[in-house]
Amino acid sequence: MTKKLAALSMAAALLAGCGKDGPKPLQGYVEGEYVRVAAPFAGTLIRLDAARGQDIAAGAPLFALEAENEDAARREATERVKRAQAQVDDLRKGKRPTELDSVRAQLGQAQVALGLSEKEFARQTDLVAKGFVSQQRADEARAARDSDRNKVAQLNAELETAKLGSRPDEIRAAEADASAARESLAQADWRLRQKTVAASVSGRVTDTLFVKGEWVPSGSPVVTLLPAGNVKVRFFVPETALGSVRVGQKVALACDGCASGLSGEVSFVAPQAEFTPPVIYSKDSRAKLVFLVEARPAAADAAKLHPGQPIDVTLQ
């Protein structure tokens, strides 16, 4: 019996000595930063392309809401753009060829009338000089000639104006209306695109919160994604060991059923102390101040870990 007790004591001493050789693992757990994908507008869910547990690439379709109203608004905005642009093009052009021909014809008539009135004025002036008619007849002929001259000048100006487009201010105003119509079209197109939602990041689908046919309120998440880069390990370091922890430090990770060789890198060290969380049942650290530390697993190891999973962390 004495020999057995001695052997047991020696084994216990050896085990205690071995436990002091390497750093003691720290208890922690895996946590995920989820990406909750939602649409900014409400609507009935008509298509759900994602399923729980599925790995989704960035840009892959996730779900679609009914978009009849947005589609109609986009068509209306498209027609408004066409109308506004047509007005700009019309203002930049001169009169139509038939309208120019009409002004030219009026100008020709006025020029013929001017030629007759000039001859009549010359004839009346000669008759006045010879004393056959009074000065009043000459004045009347002069007035008729001046009126015909003004008419010719007016039609010449109208012809030149008809060849030009509208006034620059009118054209600028029409261009501003066309630009506003294009912006309205861009807004309508954006609203329509928001009804079909794609993944902004790659990751694993952890949950789908609605089923096809349900009404989805605006801003309500429909699909929850967990990118591999959003998996992190949270563990707590005793105050006495805080000085040996730094951001960028390598850590070894181990968990039940996990392959060996998992590793990570410290990404955050809490600046404030806290009491040992009740989920940590270590007798050595209970009721002591600890500091929260977060580590990011390597990209290849992140997919092997699951949020909520207990894990042992060894500082290197």
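Computed from a prediction, not measured in an experiment: that's the story for all the values here. (Residues numbered from 1 in each chain as written. Predicted model: local features only at pLDDT ≥ 70, side-chain atom pairs only at ≥ 80, totals over all residues. Heavy atoms only, no water.)

### As for the pairing of strand E14 (residues 289-297)
1) Next: Taken across its 9 residues, E14 has 7 buried, putting it largely inside the fold.
2) Next: Looking at chain direction, strand E10 (residues 231-238) and E14 are connected through 6 bridges and run antiparallel. When the sheet's bridge partners are listed, Phe235 is paired in E14 with Val293.
3) Next: Inspection of the sheet shows strand E12 (residues 262-269) paired to E14 by 5 bridges, in the antiparallel sense. Its bridge partner lying in E14, Gly264 is registered against Pro297. (Buried < 20%, exposed > 50% of the residue type's maximum accessible area, 1.4 Å probe, protein only. Helix = DSSP H or I, 4+ residues; strand = E, 2+ residues; numbered from the N terminus. Pairing = 2+ DSSP bridges.)

### Details of the sheet that holds strand E9 (residues 221-226)
1) Next: What the 4 strands build is an open sheet, ordered E2-E9-E7-E4; its pairing is antiparallel. Edge positions in the open sheet fall to strand E2 (35-38) and strand E4 (55-56), since each of these has one partner strand only.
2) Next: Here E2 runs beside E9; their pairing, made up of 4 bridges, is antiparallel. Considered in E9, the bridge of Val35 is made with Leu225.

### Here we look at the state of the cysteines
1) Next: Scanning the entire structure with this criterion turns up 1 disulfide.
2) Next: Covalent S-S linkage joins Cys255 and Cys258, the inter-sulfur distance amounting to 1.6 Å. Its S-S torsion of about -95° marks the bond between Cys255 and Cys258 as left-handed, since a negative value means left-handed.
3) Next: What makes Cys255 buried here is its relative accessible area of 13%.
4) Next: Relative accessible area serves as the criterion here: at 22%, Cys258 is assigned to the partly exposed category. (Disulfide = S-S within 2.5 Å.)

### Regarding helix H4 (residues 135-163)
Side chains that are three or four residues apart share a direction in an α-helix, a result of its 3.6 residues per turn.
1) Next: With 29 residues, H4 ought to run about 42 Å at 1.5 Å a step, and its terminal C-alpha atoms sit 43 Å apart, in line with that.
2) Next: Of the positions making up H4, those classed as buried are Ala138, Ala141, Arg145, Asp148, Val152, Leu155, Leu159 and Ala162.
3) Next: Looking at the buried residues of H4, the elements they touch are helix H3 (97-130). (Expected span 1.5 Å × (residues − 1). Contact = heavy atoms within 4.5 Å.)

### Re the packing of helix H2 (residues 68-92) against helix H5 (residues 168-193)
1) Next: Where H2 contacts H5, the axes come no closer than 8 Å and their chain directions differ by 165°. Classified by the angle their axes make, H2 and H5 are roughly antiparallel. Taken as a pair, H2 and H5 cross one another with a handedness that is left-handed.
2) Next: For the contact of H2 with H5, the class distribution of residues is 13 nonpolar, 3 polar and 11 charged. (Axes fitted to C-alpha atoms, helices over the stretch in contact; angles between N-to-C directions. Parallel < 35°, antiparallel > 145°, perpendicular 65-115°, else oblique. Left-handed = near helix turned anticlockwise from the far one by under 90°. Nonpolar A, V, L, I, M, F, W, Y, C, P; charged D, E, K, R; others polar.)

### Considering the packing of aromatic side chains
1) Next: For the structure on display, the rule yields 1 aromatic pair.
2) Next: On the numbers, 5.7 Å between centres and 80° between planes, the contact of Phe41 with Trp190 is edge-to-face. Of this pair, Phe41 sits in the loop between E2 and strand E3 (43-48) while Trp190 sits in helix H5; the two residues are 149 residues apart in sequence, bridging distant segments of the chain.
3) Next: The lysine or arginine in question, Arg145, covers the ring of Phe121, its NZ or CZ lying 4.5 Å from the ring centre. (Phe/Tyr/Trp six-rings, centres within 6.5 Å; stacked < 30°, edge-to-face > 60°. Lys NZ or Arg CZ within 6 Å of the ring centre and 35° of its normal.)

### A short note on the sheet that holds strand E8 (residues 215-216)
1) Next: Ordered by their spatial adjacency, 4 strands build an open sheet running E6-E5-E3-E8, and the pairing between neighbours is antiparallel. Single-partner strands in this sheet number two, and they are strand E6 (196-198) and E8.
2) Next: Looking at chain direction, E3 and strand E5 (residues 61-65) are connected through 3 bridges and run antiparallel. Paired with Leu45 across the strands is Leu65, a residue of E5.

### Looking at the pattern of salt bridges
1) Next: For the coordinates displayed, the defined rule picks out 25 salt bridges.
2) Next: A salt bridge links Asp55 to Arg204; its shortest N-O distance comes to 2.9 Å. Within this pair, whereas Asp55 is found in strand E4, its partner Arg204 is found in strand E7 (residues 203-208), the two being separated by 149 residues in sequence.
3) Next: Of the residues examined, Arg204 reaches a relative accessible area of 33% and is grouped as partly exposed.
4) Next: The salt bridge involving Glu70 is made with Lys195; its shortest N-O contact spans 3.2 Å. Highlighted residues: Glu70 in helix H2 and Lys195 in the loop between H5 and E6, separated in sequence by 125 residues. For the pair Glu70 and Lys195, one class covers both residues: buried. (Salt bridge = Lys/Arg side-chain N within 4 Å of Asp/Glu carboxyl O.)

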